[in-house]
Amino acid sequence: MRFFAAPAILSTFLVVALLGDVVTGAIAPAHAALAKRRRGSPFGSSIFGSPKGQSGLPSLQNAAGLPGALNLNNIQSDILTGVKKKKELFFFFKIVDPFRFKGALSRDIKSRITTVSQLLDPTQQPDTAVNIAFSQSGLSTLGVKDNLRDGAFAAGQAADASSLGDPGTSRWVQAFDGTNVHGVMLLASDTDDKISAELSTIQGLFGPSISEAYRLQAAARPGDQEGHEHFGYLDGISQPALDGFTQANPGQTVVPPGVIIIGERGDTNTKRPKWTKDGSFLAFRQLQQFVPEFNQFLDQNAIAGADLTHEQGAALLGARMFGRFKSGAPIDLTPRFDDPALGADPTRNNDFNFMHPGMNVTLDQTRCPFSAHIRKTNPRGDIIPQNTANQIMRSSIPYGPELTPDEIASKTTSIDRGLAFVSYQSDLSAGFRFQQQVWADNTAFPFGKNTTNVGFDPIIGGNQGNARPVSGLDPNDASREITIATEFVKAKGGEYFFTPPVDALSGRLAQFFF
Ligand code: N7H
């Protein structure tokens with residue numbers, strides 16, 4: 001046992017703070033505050049939108065009643081929420097005073113952290129859901145020296161920039177360039193005011209033990225674009241169905257919960273510290289999107305066809321780049337024209353696997369290009385048996401304003417907007433990093449041996465800032481390679497975090513002795 005950097009005076013205040021959960025006098029006010037904060041928003045009507053086309057969340061009763069149900073009282077809510085939030089603030093912080101921080105975390109903050117149970121129960125859902133996660137430098141600052149056995153997490157995302165396809169970190173937001181961000185709080189609600197109020201309460205509770213490193217305000221897009229990201233495509237349709245948490249819709253990939261939740265069935269890394277069970281690694285990326293430039297590319301390269309107007313040809317090119325039309329309808333099921341009713345139906349919009357009778361799935365790109373974003377990031381029937389090990393739970397949300405008339409007229413981006421990309425996985429190198437490096441940026445995936453070249457994922461494929469060859473986009477000649485000079489998505493940085501189980505907030509992370 002080692003004493004962690006003992007301060008000159010370990011004040012009585014800190015001892016009481018540390019014991020917050022067991023000292024009756026301290027626990028009562030915390031619970032009173034909690035009860036006051038949870039006004040029981042009607043389920044689904046407050047924090048979350050309900051864009052058509054996305055699978056819903058299970059009720060608490062259903063999720064808790066499944067065989068092999070997860071430890072929903074200990075898992076932080078965002079891990080299983082998906083792309084449903086109306087407003088979200090990402091508040092990145094530095095820990096300035098670890099001793100005071102630990103006291104506040106255990107005594108005051110833990111009770112404000114939203115669990116999956118609370119999220120799913122209409123009588124418990126808070127006005128603002130709050131989650132907290134730590135980078136490796138954050139854990140080290142807290143004196144937690146345990147090896148979480150994830151090399152990418154230990155090194156931090158800045159060290160990973162080139163291998164993710166970024167041209168180094170020169171375009172990154174300064175706060176992410178290095179290992180200066182110790183943690184992030186994710187605050188989600190239906191109004192910015194509620195988020196601001198919750199943030200000031202939390203800042204008050206942490207006091208000077210933290211300082212702000214950076215913040216990113218994000219929000220679902222307005223009106224009928226709710227659930228659609230800035231290019232206009234419905235997001236969050238295809239998520240893995242975690243065995244023991246939810247029933248799968250037709251075509252949804254069922255994965256063992258340990259692919260996302262540490263220590264659960266199917267987590268192949270059994271050597272991590274026991275206290276990390278029910279946690280998950282969070283990959284955060286601020287991905288700037290160049291919308292007028294993307295639209296111009298579609299316009300200039302619109303697919304030609306006797307059955308297509310120019311506009312329909314442009315829409316088809318976009319759909320072939322994503323693998324879905326803007327409504328969410330998969331081109332594998334509707335290969336020429338959008339079908340909004342199909343896009344809006346979660347029982348049908350995932351029910352495909354790129355295979356069709358009489359078709360050679362390794363050669364035929366008539367329906368869906370091998371390079372399409374959804375085929376690169378989830379190859380479905382291209383891999384047999386279907387891949388379950390390299391799946392992620394996405395919990396992203398758009399940031400930045402709508403296009404301005406000036407940007408539309410000049411066809412040039414002048415304001416930062418994009419996707420606050422969030423994914424959860426029990427192993428960063430099997431989840432986010434795998435999808436980016438081994439699939440999206442790999443010009444030979446999935447069928448490089450059979451075709452001359454598949455090329456990059458045209459949406460997220462990164463080639464260190466250089467032009468990206470992509471093939472399969474033109475259904476008139478699928479072998480035609482298009483070299484895309486513009487990066488429609490540029491990473492502005494990010495960090496890898498560990499989202500701990502809630503019990504660790506008053507356990508391992510609050511301890512002074514190691
Ligand atoms: Fe992607 N988008 O919002 O337009 N993504 N994504 N993504 N993505 C998907 O099926 C998008 C990014 C995955 O199971 C859709 O939900 C944008 C990264 C995976 O069929 C749309 C960006 C990574 C899937 C988008 C971006 C992924 C997926 C279709 C960057 C991982 C599910 C709707 C700005 C490395 C595939 C849907 C499946 C789908 C968007 C980034 C992964 C519309 C704009 C960085 C696994």
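What you are looking at is a predicted structure, and each value in this text was computed from that prediction instead of being measured.

Student: Please give an account of the overall build of the chain that cites residues and values.
Tutor: For the chain, the count of helices and strands is 14 helices and 13 strands. In terms of principal-axis extent, the alpha carbons of the chain reach across some 80 × 45 × 45 Å. Out of the 514 residues in the chain, the part that is buried amounts to 58%. A sequence separation of at least 24 residues applies to 75% of the contacts in the chain between residues at least 6 apart. Working note: accessible area of the chain is about 19,300 Å², and carbon and sulfur atoms make up 54% of it. Treating the 47 positive side-chain charges of the chain as one cloud and the 49 negative ones as another, the clouds have centres 5 Å apart.

Student: Tell me about the pairing of strand E3 (residues 183–189), and name the residues and values.
Tutor: With seven of its seven residues buried, E3 lies for the most part within the structure. Residues Gly183, Met185, Leu187 and Ser189 line one face of E3 and the alternating positions Val184, Leu186 and Ala188 line the opposite face, and both faces are buried. Across seven bridges, strand E1 (residues 87–95) lies against E3 in antiparallel orientation. Its bridge partner lying in E3, Leu89 is registered against Leu187. By the bridge criterion, six bridges tie strand E2 (residues 129–134) to E3 in an arrangement that is antiparallel. Note that in E3 the partner of Phe134 across the bridge is Gly183.

Student: Which residues make up the coordination of the iron atom of the ligand, and what values do they have?
Tutor: In an ideal octahedron of six donors the angles at the metal are 90 or 180 degrees, and in an ideal tetrahedron of four donors they are 109.5 degrees. Counting protein donors to the iron atom of the ligand gives just one, His373 (NE2), placed at 2.1 Å. Note on placement: His373 falls in helix H12 (residues 373–377).

Student: Describe the pairing of strand E11 (residues 468–471), listing the residues and the values that go with them.
Tutor: Residues Arg468 and Val470 point to one face of E11 and Pro469 and Ser471 to the other, with burial holding for every one of them. Pairing between E11 and strand E12 (residues 481–484): four bridges, direction antiparallel. Paired with Val470 across the two strands is Ile482, which belongs to E12.

Student: Hey, could you go over the site of the ligand for me, with residue numbers and the actual values?
Tutor: Around the ligand, a shell composed of 24 residues is seen, among which Glu229, Ile237, Ser238, His373 and Arg394 lie nearest. Contacts to the ligand include His373, whose side-chain N or O atom sits 2.9 Å from a nitrogen atom. Between Asn378 and the ligand, the recorded distance is 2.8 Å, taken from a side-chain N or O atom to an oxygen atom. Those elements giving two or more residues to the shell around the ligand turn out to be strand E7 (280–289), H12, strand E10 (418–425) and helix H14 (432–440). Of the residues in the shell around the ligand, the class split is eleven nonpolar, eight polar and five charged.

Student: An account of the confidence of the model for the chain is requested, with residue identities and associated values reported.
Tutor: A low pLDDT score tells you not to read the predicted coordinates there in detail. When pLDDT is averaged along the chain, the result is 91, and 90% of the positions lie at 70 or above. Between residues 1–45, whose pLDDT stays under 50, and residues either more than four places distant or in other chains, the model counts 71 contacts.

Student: So what about the packing of aromatic side chains? Which residues, and what values?
Tutor: Using the criterion set out here, one finds 28 aromatic pairs in the structure. Between Phe92 and Phe176 the ring centres are 5.1 Å apart and the planes differ by 90 degrees, which places this aromatic pair in the edge-to-face class. You can see Phe92 sitting in strand E1 and its partner Phe176 sitting in the loop between helix H7 (151–155) and E3, a full 84 residues away along the chain. You can call Phe176 buried: its relative accessible area is 1%.

Student: Tell me what's going on with helix H9 (residues 291–300), and back it up with residues and numbers.
Tutor: Along H9, the residues that are buried comprise Val291, Pro292, Glu293, Phe294, Phe297 and Leu298. Where H9 is buried, its residues meet E7, helix H10 (310–322), helix H13 (405–410) and E12.

Student: Give a description of the packing of helix H4 (residues 98–109) against helix H8 (residues 192–206) that names residues and reports values.
Tutor: Taken N-terminus to C-terminus, the directions of H4 and H8 make an angle of 130 degrees; their axes are 9 Å apart at the nearest point. Our classification of the angle between H4 and H8 gives oblique. Together, Arg100, Phe101, Ala104, Leu105, Asp108 and Ile109 of H4 and Ile202, Leu205 and Phe206 of H8 make up the contact between the two elements. Of the residues that constitute the contact of H4 with H8, the class distribution is seven nonpolar, no polar and two charged.

Student: Outline the nonpolar core, supporting the account with residue identities and numerical values.
Tutor: Counting residues in hydrophobic clusters, the biggest one holds 73 residues, and the most contacted among them are Phe101, Ile132, Phe134, Phe206 and Met321. Take this core: its biggest share by element is six residues, from H10. Ranked by size, the runner-up nonpolar core spans 44 residues in total, among them Leu72, Val173, Leu242 and Met393.

Student: Residue-level account of unusual backbone geometry, with values.
Tutor: Across the junction of Ile384 and Pro385, the peptide omega takes the value -5 degrees, indicating a cis bond. Mapped onto the elements, Pro385 comes out in the loop between H12 and strand E8 (393–394). In this structure, Pro446 follows Phe445 across a cis peptide bond, with omega equal to 0 degrees. Counting through the fold element by element, Pro446 comes out in the loop between H14 and E11. With a phi close to 80 degrees, Asp278 is a non-glycine residue in the positive phi region. Mapped onto the secondary structure, Asp278 falls in the loop between strand E6 (254–255) and E7. Positive phi outside glycine occurs at Phe354, with the angle close to 75 degrees. Turning to its location among the elements, Phe354 is positioned in the loop between helix H11 (340–343) and H12. The class for Phe354 is buried, based on a relative accessible area of 0%.

Student: Talk me through the pattern of salt bridges; I want residue IDs and the actual numbers.
Tutor: Enumeration according to the criterion identifies 22 salt bridges in this entry. When the shortest N-O distance is used, the salt bridge between Lys85 and Asp78 registers 2.6 Å. Here Lys85 falls in the buried class, since its relative accessible area comes to 5%. For Asp78, a relative accessible area of 4% translates into the label buried. A salt bridge links Glu487 to Arg171, with the nearest nitrogen and oxygen atoms 2.8 Å apart. Of the two residues, Glu487 is situated in the loop between E12 and strand E13 (489–499) and Arg171 in the loop between H7 and E3; the sequence distance between them amounts to 316 residues. Look at Arg171 and you get partly exposed, because its relative accessible area is 27%. Here the residues in one salt-bridge network are Asp78, Lys85 and Glu88, joined through shared partners.

Procedures and definitions
- Residues numbered from 1 in each chain as written.
- Predicted model: local features only at pLDDT ≥ 70, side-chain atom pairs only at ≥ 80, totals over all residues.
- Heavy atoms only, no water.
- Helix = DSSP H or I, 4+ residues; strand = E, 2+ residues; numbered from the N terminus.
- Buried < 20%, exposed > 50% of the residue type's maximum accessible area, 1.4 Å probe, protein only.
- Contact = heavy atoms within 4.5 Å.
- Areas by Shrake-Rupley, 256 points an atom, 1.4 Å probe, with all protein chains shown as cover.
- Lys, Arg positive; Asp, Glu negative; His and termini not counted.
- Charge placed at Lys NZ, Arg CZ, Asp CG, Glu CD.
- Pairing = 2+ DSSP bridges.
- Donors = N, O, S within 2.8 Å, 3.2 Å for Na, K, Ca; no water.
- Near = heavy atom within 4 Å.
- Polar contact = N/O pair within 3.5 Å; in protein donor to acceptor, adjacent residues only side chain to side chain.
- Nonpolar A, V, L, I, M, F, W, Y, C, P; charged D, E, K, R; others polar.
- pLDDT = per-residue confidence, 0-100.
- Phe/Tyr/Trp six-rings, centres within 6.5 Å; stacked < 30°, edge-to-face > 60°.
- Axes fitted to C-alpha atoms, helices over the stretch in contact; angles between N-to-C directions.
- Parallel < 35°, antiparallel > 145°, perpendicular 65-115°, else oblique.
- Core = buried A, V, L, I, M, F, W, Y, C linked by side-chain atoms within 4.5 Å.
- Salt bridge = Lys/Arg side-chain N within 4 Å of Asp/Glu carboxyl O.

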